[in-house]
Structure formats: C-alpha cells, structure tokens
Amino acid sequence: MTSNAGEYAPSPTGWVREEVDKVTEAGTTDVIDVRGLKVVLLTTRGAKSGKIRKSPLMRVEHDSVYLAVGSNSGGPKNPVWYYNLKADPKATVQDGEVTKEYVARELEGAEYELWWERAVAAFPGYADYQTMTPRKIPLFVLEPAE
C-alpha cells in the first residue's frame with residue numbers, strides 16, 4: 001500500500017513520538033493506553049510533506065470498521081492527520097499486533113451521530129472535548145480496503 005511506502009517523519013510532538021516509538025519497539029499497541037483504554041496506531045501520508053506519519057488514536061471499532069476522531073483534545077484546530085486523510089484517504093491501522101489497510105471516509109448526518117455515540121461510549125472524554133471547541137469534531141470511518 002502506498003501509505004506505508006516512503007520516508008517516515010516522526011511527530012514533532014514529544015508524547016506522540018514517544019508513544020509511536022513504544023509501539024514500534026514492542027510490535028503491538030498493547031504497550032500504550034490512555035486512562036487504561038486501548039489505542040490504535042493510524043498511519044497516513046503527510047498532505048504537505050508526502051512523508052509517512054503515525055498517530056496513536058483511541059480505539060473505537062465496530063464490525064471491523066474503525067473510527068478516527070479528530071478531537072485534538074478539544075483544541076481549536078483539527079489534528080494534522082485530518083488533513084492527511086482528506087488529501088489521501090488510504091491508511092493503515094495497527095490494533096494490537098495486527099496491521100491492516102483501510103480507506104477513510106468523513107462522516108456527516110445520521111451516520112455521524114451514530115458513530116459519535118460509539119466514540120463517546122468508547123472514550124467519554126470526547127464529549128468534554130466537544131464542549132471545549134467551537135468546531136464540530138470531525139469523524140472518519142476507516143473501512144477495510146478491498
């Protein structure tokens with residue numbers, strides 16, 4: 001898959017870089033968590049740089065489909081990976097020791113509402129994050145690539 005081919009550029013954000021390094025060294029996402037909850041590792045291609053980017057995200061999964069929640073911890077801007085998925089929807093998700101290819105699709109309407117409920121059920125902090133920012137937190141489903 002093209003999203004994993006190319007030069008890897010570590011995150012400029014220290015904690016993100018450290019978490020990605022832990023997963024890479026151990027070969028599994030099981031070595032990191034947020035408040036005791038599981039995470040997955042999203043790999044995208046940088047929209048501007050074209051380099052490989054890796055981001056730990058809260059694990060929100062339903063019927064082999066994952067959700068990428070662009071909360072950015074309630075910050076005023078979307079996370080950088082949001083723009084990466086908009087530019088190139090092909091991505092990989094590592095869950096535990098398993099890494100598979102996915103295609104991202106941004107959600108709207110009733111589908112957004114359904115997945116938002118799933119996101120908050122998986123990580124209640126998302127509801128708080130939404131109150132901290134005027135932007136609507138974007139959601140992408142990551143569906144298995146065929």
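Residues numbered from 1 in each chain as written. Predicted model: local features only at pLDDT ≥ 70, side-chain atom pairs only at ≥ 80, totals over all residues. Heavy atoms only, no water.

A. Highlighting the overall build of the protein. Scanning the protein from N- to C-terminus turns up 4 helices and 8 strands. Counted from the first residue to the last, the protein has its helices and strands arranged as α-β-β-β-β-β-α-β-β-α-α-β. Over its C-alpha atoms the protein spans a radius of gyration of 14 Å, differing by no more than 12% from the 15 Å that the globule rule assigns to 146 residues. C-alpha atoms of the protein, sized along the principal axes, occupy 35 × 30 × 30 Å. A buried classification covers 45% of the 146 residues belonging to the protein. Put simply, of all contacts in the protein between residues at least 6 apart along the chain, 67% involve residues at least 24 apart. Between the centroid of the 18 positive side chains of the protein and the centroid of its 21 negative side chains there is a distance of 6 Å. (Helix = DSSP H or I, 4+ residues; strand = E, 2+ residues; numbered from the N terminus. Rg over C-alpha atoms; globule rule 2.2 N^0.38 Å. Buried < 20%, exposed > 50% of the residue type's maximum accessible area, 1.4 Å probe, protein only. Contact = heavy atoms within 4.5 Å. Lys, Arg positive; Asp, Glu negative; His and termini not counted. Charge placed at Lys NZ, Arg CZ, Asp CG, Glu CD.)

B. Looking closely at the packing of aromatic side chains. All chains considered together, the criterion is met by 9 aromatic pairs. Between the aromatic rings of Tyr112 and Trp116, the centroid separation amounts to 6.3 Å while the plane-to-plane angle is 10°, which identifies the pairing as stacked. Residue Tyr112 and its partner Trp116 are both found in helix H3 (residues 109-122); the two are separated by 4 residues, about one turn of the helix. When sorted by exposure, Tyr112 lands in the same class as Trp116, which is buried. Positioned above the aromatic ring of Tyr8 is the side chain of Lys54, whose terminal nitrogen or guanidinium carbon lies 5.2 Å from the ring centre. Stacked on the ring of Tyr112, the Lys or Arg Lys136 has its end atom at 4.0 Å from the ring centre. (Phe/Tyr/Trp six-rings, centres within 6.5 Å; stacked < 30°, edge-to-face > 60°. Lys NZ or Arg CZ within 6 Å of the ring centre and 35° of its normal.)

C. Here's a closer look at the pattern of salt bridges. For the structure shown, the criterion picks out 8 salt bridges. Among the salt bridges present, the one from Arg59 reaches Asp95, with a minimum N-O distance of 2.8 Å. Here Arg59 is found in the loop between strand E3 (52-58) and strand E4 (61-62), whereas its partner Asp95 is found in strand E6 (residues 90-95), with 36 residues between them in sequence. For Arg59, a relative accessible area of 29% puts it in the partly exposed group. The class of Asp95 is buried, set by a relative accessible area of 16%. (Salt bridge = Lys/Arg side-chain N within 4 Å of Asp/Glu carboxyl O.)

D. Main features of helix H4 (residues 125-132). Taken as a whole, H4 has its buried residues at Gly125, Tyr126 and Tyr129. When H4 is viewed along its axis, its buried side chains cluster within an angular range of 100° and face the same direction. Looking at the buried side of H4, the elements it contacts are E3, strand E5 (65-69) and H3. (Arc of directions from axis to C-beta.)

E. Structural view of the nonpolar core. Among the nonpolar cores identified, the biggest contains 22 residues, and Leu67, Val69, Leu107, Trp115, Trp116, Tyr126 and Leu139 are the most heavily contacted of them. When residues of this core are traced back to their parent elements, those giving at least two are helix H1 (14-26), strand E2 (37-45), E5, H3, H4 and strand E8 (139-144). By residue number, the principal contributor to this core is H3, which donates 4 residues. With residues up to four places along the chain from it excluded, the contact list for Val69 reads Trp81, Trp116, Ala119, Tyr126, Ile137, Pro138 and Leu139. (Core = buried A, V, L, I, M, F, W, Y, C linked by side-chain atoms within 4.5 Å.)

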